[in-house]
Amino acid sequence: MKYLITFSYNGNYFNGYQRQKNLKTVQGCLEKYLTMLNDGDVEVTSSGRTDIYVHAINAKAHFTLDKNIKEYNIKTFLNRRLNGEIYIKDVVKVDDNFHARYDVVKKEYRYFINMGEFNSIEKDYVYQYNKKLDINKMKKASKLFIGEHDFRSFCSNEKEKANCIRNIYSIKIIKHNDKLELVFIGNGFLKHMVRNTVGILIKVGNGLFTTDEVETILEEKTRKHNTKPVPGNGLYLWNVYYK
């Protein structure tokens, strides 16, 4: 039977999502306990991977079990063993043709920035920028990213990707007192793409970049500017949407 799970996790407890030898990861933990439940190896396929320190509110993944186990029993079994570091919100049976990654129609990420005084309680969950930003300038620059673009300038430079074209449906910048919430919705995101984009918008907000300079970087499609991504601890995989 094939199942789809919706789950949240605290990125501070893991070395990212993807399975890595001798390191604690989200995928590794899920596969460990599902294999125990199945009495045989289980591979978990997610909608996408997150880096170290990045959190998730509604991550999605599928897996196949040799047994026909009730959804509630799977949820209970996993949550009793995951210690709250990962929490299984929902388990549903899906068609054998369903794929957690390839059937995604859009994803939503959110990034949180503190412009006020340093907050030691929130430091692992909100980027402590601790300086004021010009939000109107950031909103104006964010409009440049809306639509279909080649985002090569904003992805990881670890290796050259053949296809860096993504479609961003919306970017919202919401102010909550001294905190900013940046909401990104698109059909997909490259590695470090959201964090690099936030980094650029911060530079617009503090006057280091103009909107015209951001447009030039986007059009050049090169990593020569080598923009440093903002820390992962302010980033959340908020939701994943299917047809």
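The following refers to the structure shown. Values in this document were obtained by computation on a predicted structure and should not be read as measured data.

Points about the packing of aromatic side chains
- Going through the model one piece at a time under the given rule, you end up with 12 aromatic pairs.
- Ring centres of Phe 112 and Tyr 236 lie 5.4 Å apart, and the angle between their planes is 85°; on these two criteria the pair is classed as edge-to-face. Placement of Phe 112 in strand S5 (residues 104-114) and of Tyr 236 in strand S10 (residues 235-242) is noted, with a sequence separation of 124 residues between them. Here Phe 112 and Tyr 236 have matching classes, each one buried.
- Among the aromatic residues, those joined into a ring-pair cluster are Phe 7, Tyr 9 and Phe 14.

Regarding the packing of helix H1 (residues 26-38) against helix H2 (residues 71-79)
- In the contact formed by H1 and H2, the axes pass within 10 Å of each other and the chain directions differ by 125°. In this view, H1 runs oblique relative to H2, as classed from their interaxial angle. Regarding H1 and H2, the two cross each other, and that crossing is right-handed. Each of Tyr 33, Leu 34, Met 36 and Leu 37 in H1 lies in contact with H2, whose residues at this interface are Ile 74, Phe 77 and Leu 78.
- Here the contact of H1 with H2 is composed, by residue class, of seven nonpolar, no polar and no charged.

Quick look at helix H4 (residues 193-205)
- An ideal rise of 1.5 Å per residue puts 18 Å on 13 residues; H4 measures up with 18 Å between its terminal C-alpha atoms.
- Burial analysis of H4 places 12 of its 13 residues in the buried class, the great majority of the element.
- Directly after H4, the chain includes Gly 207, whose backbone phi takes a positive value near 85°.

Quick notes on the nonpolar core
- Counting 67 residues, the largest nonpolar core has Phe 7, Ile 74 and Ile 86 as its most contacted members.
- For this core, the element with the highest residue contribution is H4, accounting for seven residues.
- Once you skip the residues sitting within four places of it in the chain, Ile 86 turns out to touch Phe 7, Ser 8, Tyr 9, Phe 14, Val 26, Cys 29, Leu 30 and Asn 79.

Rules used in this analysis
Residues numbered from 1 in each chain as written. Predicted model: local features only at pLDDT ≥ 70, side-chain atom pairs only at ≥ 80, totals over all residues. Heavy atoms only, no water. Phe/Tyr/Trp six-rings, centres within 6.5 Å; stacked < 30°, edge-to-face > 60°. Helix = DSSP H or I, 4+ residues; strand = E, 2+ residues; numbered from the N terminus. Buried < 20%, exposed > 50% of the residue type's maximum accessible area, 1.4 Å probe, protein only. Axes fitted to C-alpha atoms, helices over the stretch in contact; angles between N-to-C directions. Parallel < 35°, antiparallel > 145°, perpendicular 65-115°, else oblique. Left-handed = near helix turned anticlockwise from the far one by under 90°. Contact = heavy atoms within 4.5 Å. Nonpolar A, V, L, I, M, F, W, Y, C, P; charged D, E, K, R; others polar. Expected span 1.5 Å × (residues − 1). Core = buried A, V, L, I, M, F, W, Y, C linked by side-chain atoms within 4.5 Å.

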